[in-house]
Amino acid sequence: MLTGIFLTLMLVFILLICFFRDLLYAAVSLAIGSIILSIILFRYAAHTAAVFELSVCAGLITVLFVSTVSLTKNSDQKVEARLPRYFAPFFLLLFAGLSFLLVNWLTGHMAPATLTFDPPVGFRETFWGTRTTDLLGQISLILAGVFGILAIFRETREGRKHA
Amino acid sequence: MLDEVVLLLFFGFLIFMLGAYLLFSYRNMLRLILGVETMAKGITLVLLAAGVYRDNISLVQTLIVTFIIVETILAAIMLGIVVISQRIYGSLDVRLQSKLRG
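Predicted model only: the values in this text are computed from it and were never measured.

Participant: Report on the overall build of chain B, specifying residues and quantitative values.
Facilitator: For chain B, the count of helices and strands is 3 helices and 0 strands. Secondary structure elements in chain B, listed N-terminal to C-terminal, are α-α-α. The C-alpha radius of gyration of chain B comes to 17 Å, more than 25% above the 13 Å expected for a compact globule of 102 residues. Seen through its C-alpha atoms, chain B measures out along the principal axes to roughly 50 × 25 × 20 Å.

What follows is the structure, given as structure tokens:
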């Protein structure tokens, strides 16, 4: 019951992104959606994931987004939408129907949970023991992100002279 | 338990589709990034549903943490591209990106 209320609240805040004209309001709406998602994660005892969601998605990404909005405020931010804004509720109903059909199909084809039963172990054992190779991927990703940003914002000598 | 899994899956798919709607219906690059982030929230919910169904939250937590890192790097790179694109074209219209074709 409580999960349903939180999920509905999250959906409302995500739907508001389509309606807000101001990008700052849209970013704040997404951040509130992230906060509600972290509450849902916390309720299912996924504490570490909840902390990551709260600090990184609701915090860091929102800060990055707001900084980008303020850096690009001189441009024409109100580029028109391909579809009018009032189409969103109709699409919401269509997507709800599609999701209902998809979930119905999935529940009919889901394998019983007991078939691949693993004894429950803690997050620490799983993260550092079972999924150690994920760490390599994460480190590579972080390095790729750093080098990507450096490549994007690289200034040549000629560029500096012109500046 | 199955009711909660069904609820999580339903909202996960719905939020993913709303993110796809944002991607396809707007031309402003910052709106497109919001769409990608919205899709990521839906995927996180579906991952959580899988963990609740299998009663293996620890494994799903590691996957969600990895996914959050991927999402953050993606957002940082995309926002960097938006800033540079705005400096070059003075606009956030995604159609102008087609000028980048070699």
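Participant: Explain the nonpolar core to me, and be specific about the residues and the numbers.
Facilitator: Formed by 59 residues in total, the largest nonpolar core has its most connected members in A:Ile40 and B:Leu8. Mapped by element, the contributors of at least two residues to this core are α1 (2-19), α2 (23-43), α3 (47-71) and α4 (88-109) of chain A together with α1 (2-25), α2 (29-54) and α3 (57-89) of chain B. The dominant element in this core, judged by the number of residues it contributes, is α1(B), at 11 residues. Other than its neighbours up to four places away in sequence, A:Ile40 contacts A:Phe6, A:Leu7, A:Met10, B:Leu8 and B:Leu48.

Participant: Account for α2(A), with residues named and values stated.
Facilitator: All names here are of chain A. Across its 21 residues, α2 extends 30 Å between first and last C-alpha, which sits within 8% of the 30 Å expected from 1.5 Å per residue. One side-chain oxygen at the N-terminal end of α2 lies 3.0 Å from the backbone nitrogen of Leu24; it belongs to Asp22. Once α2 finishes, Ala45 follows within two positions and takes phi at roughly 65 degrees, a positive value.

Participant: Any chance you could break down the interface of chain A and chain B for me, citing the residues and the numbers?
Facilitator: Contact residues are listed per partner, giving 85 residues for chain A and 67 residues for chain B. Across the interface of chain A and chain B, roughly 6,900 Å² is buried in total on both sides, 75% from carbon and sulfur atoms. Along the contact surface separating chain A from chain B lie 1 salt bridge. One salt bridge in this structure joins A:Glu53 and B:Lys41, with 3.3 Å as the shortest N-O distance. Our count for the contact surface shared by chain A and chain B stands at 12 residue pairs in polar contact (both at pLDDT 80 or more). Going through the elements one at a time, α1, α2, α3, α4, α5 (123-130) and α6 (132-152) of chain A are the ones with two or more residues in the side of chain A that touches chain B. Of the residues forming the side of chain A that touches chain B, the biggest block, 14 residues, is contributed by α3(A). Class assignment for the residues of the side of chain A that touches chain B results in 56 nonpolar, 19 polar and 10 charged.

Participant: I'd like a description of the side chain of A:Thr3, backed by residues and values.
Facilitator: Among the secondary structure elements, A:Thr3 is positioned in helix α1. Among the residues examined, A:Thr3 registers a relative accessible area of 3% and is labelled buried. Among the polar contacts listed, one links the side chain of A:Thr3 to the side chain of A:Arg43, at a separation of 2.6 Å. If near-sequence neighbours (up to four positions away) are discounted, A:Thr3 is found in contact with A:Arg43, A:Tyr44, B:Leu7 and B:Leu8.

Participant: I'd like to hear about the packing of α6(A) against α3(B), residue by residue, with values.
Facilitator: The contact between α6(A) and α3(B) brings their axes to 10 Å, and the two run at 10 degrees. When the axes of α6(A) and α3(B) are compared, the pair comes out roughly parallel. In this structure, α6(A) contributes A:Asp134, A:Gln138, A:Leu141, A:Ile142, A:Ala144, A:Gly145, A:Gly148, A:Ile149 and A:Ile152 to the contact, and α3(B) contributes B:Thr66, B:Ile69, B:Val70, B:Ile73, B:Ala76, B:Ile77, B:Gly80, B:Ile81 and B:Ile84. Here the residues of the contact of α6(A) with α3(B) sort into 12 nonpolar, 5 polar and 1 charged.

Definitions and cut-offs
Residues numbered from 1 in each chain as written. Chains lettered and ligands numbered in written order. Predicted model: local features only at pLDDT ≥ 70, side-chain atom pairs only at ≥ 80, totals over all residues. Heavy atoms only, no water. Helix = DSSP H or I, 4+ residues; strand = E, 2+ residues; numbered from the N terminus. Rg over C-alpha atoms; globule rule 2.2 N^0.38 Å. Core = buried A, V, L, I, M, F, W, Y, C linked by side-chain atoms within 4.5 Å. Buried < 20%, exposed > 50% of the residue type's maximum accessible area, 1.4 Å probe, protein only. Contact = heavy atoms within 4.5 Å. Expected span 1.5 Å × (residues − 1). Polar contact = N/O pair within 3.5 Å; in protein donor to acceptor, adjacent residues only side chain to side chain. Buried area = accessible area lost by both parts, 1.4 Å probe. Salt bridge = Lys/Arg side-chain N within 4 Å of Asp/Glu carboxyl O. Nonpolar A, V, L, I, M, F, W, Y, C, P; charged D, E, K, R; others polar. Axes fitted to C-alpha atoms, helices over the stretch in contact; angles between N-to-C directions. Parallel < 35°, antiparallel > 145°, perpendicular 65-115°, else oblique.

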